[in-house]
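# A structural walkthrough
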Protein chains: 2
Amino acid sequence: MYKATITITLRTSILDVQGKAVEHGIHTLGMTNVGNVRIGKFVQLDIDAADDAEASRIADETCRKILANQVMEDYSFTVAKA
Amino acid sequence: MYKATITITLRTSILDVQGKAVEHGIHTLGMTNVGNVRIGKFVQLDIDAADDAEASRIADETCRKILANQVMEDYSFTVAKA
């Protein structure tokens, strides 16, 4: 059994509307030294695989097929034996 | 200038409905060796601080005050000089 940790972030060229809203909220609270807020997704999942290579292949397939929208998002992941 | 990388995850005792839906989608695509999907948030932000300690304090304050719902969520962060 492997545990995959995946982060999915909006490409830097894409305006992060959610991030801008949160940044505005942070500034409203008086923390004006915080900026450039970007919000992405963080996914953890278990993979039943024989070895590291198979676990990585399955994690990559999951990202490509369902988790990330590759037109707008980048993804990265790590897999570790659990 | 510091860059903070924050992950916010639903506490393990809380049912992750979004994760369950995504897991169902993954299984529908035929990847039945993937399970226990949990979805959280991944936040990146810039902090204008004098040193590591101040940057960490501001990142923690941001998590506590606006990013994380501490009743249901756990957060962790790292700060690095940019």
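Heads up: the structure comes first, above all this text.
Each value, and the rule that gives it
Residues numbered from 1 in each chain as written. Chains lettered and ligands numbered in written order. Predicted model: local features only at pLDDT ≥ 70, side-chain atom pairs only at ≥ 80, totals over all residues. Heavy atoms only, no water. Helix = DSSP H or I, 4+ residues; strand = E, 2+ residues; numbered from the N terminus. Rg over C-alpha atoms; globule rule 2.2 N^0.38 Å. Buried < 20%, exposed > 50% of the residue type's maximum accessible area, 1.4 Å probe, protein only. Contact = heavy atoms within 4.5 Å. Areas by Shrake-Rupley, 256 points an atom, 1.4 Å probe, with all protein chains shown as cover. Lys, Arg positive; Asp, Glu negative; His and termini not counted. Charge placed at Lys NZ, Arg CZ, Asp CG, Glu CD. Polar contact = N/O pair within 3.5 Å; in protein donor to acceptor, adjacent residues only side chain to side chain. Least-squares fit on C-alpha atoms with pLDDT ≥ 70 in both. Salt bridge = Lys/Arg side-chain N within 4 Å of Asp/Glu carboxyl O.

Moving on, we get to the overall build of chain A. On a plain count of helices and strands, chain A comes out with 2 helices and 3 strands. Relative to a compact globule of 82 residues, whose C-alpha radius of gyration would be 12 Å, chain A shows 16 Å and is clearly more extended. When the 82 residues of chain A are sorted by exposure, 43% land in the buried category. Put simply, of all contacts in chain A between residues at least 6 apart along the chain, 67% involve residues at least 24 apart. Here chain A has roughly 4,400 Å² of accessible surface; of this, 54% comes from carbon and sulfur atoms. Between the centroid of the 9 positive side chains of chain A and the centroid of its 11 negative side chains there is a distance of 4 Å.

Considered for burial, the residues of helix α2 (residues 52-67) of chain B that qualify are A55, I58, A59, E61, T62, C63 and L67 of chain B. The elements touched by buried residues of α2 of chain B are α1 (17-28) and β2 (34-47) of chain A together with β1 (2-10), β2 (34-47) and β3 (73-81) of chain B. Among the residues of α2 of chain B, the N-terminal cap falls to D51 of chain B, whose side-chain oxygen and the backbone nitrogen of A53 of chain B are separated by 3.3 Å.

So, about the environment of A55 of chain A. Residues and elements named next belong to chain A. Here A55 is to be found in helix α2 (residues 52-67). Through-space distance from the C-alpha of A55 to that of V71 is 24 Å; in sequence the pair is 16 residues apart. Excluding anything up to four places from it in sequence, A55 contacts Y2, I47, A49 and V79.

Laying chain A over chain B is done by rotating through 180° and shifting 0.0 Å along the axis; what remains is an RMSD of 0.0 Å. Taken together, the rotation and translation describe the operation of a two-fold axis. The rotation axis passes nearest to the C-alpha of K41 of chain A in chain A, at a distance of 2.3 Å. Looking at the interface residues of chain A, 100% of them are also at the interface in chain B, so both copies use one shared face.

The full count for this structure, using the stated rule, is 12 salt bridges over all chains. Two residues, K41 of chain A and E73 of chain A, come together in a salt bridge whose shortest N-O distance is 3.6 Å. Taken together, the residues K41 of chain A in strand β2 and E73 of chain A in strand β3 (residues 73-81) connect sequence positions 32 residues apart. A relative accessible area of 30% means that K41 of chain A is categorised as partly exposed. One salt bridge in this structure joins D60 of chain B and R64 of chain B, with 3.0 Å as the shortest N-O distance. In this pair, D60 of chain B and R64 of chain B both sit in helix α2, 4 residues apart, roughly one turn of the helix.

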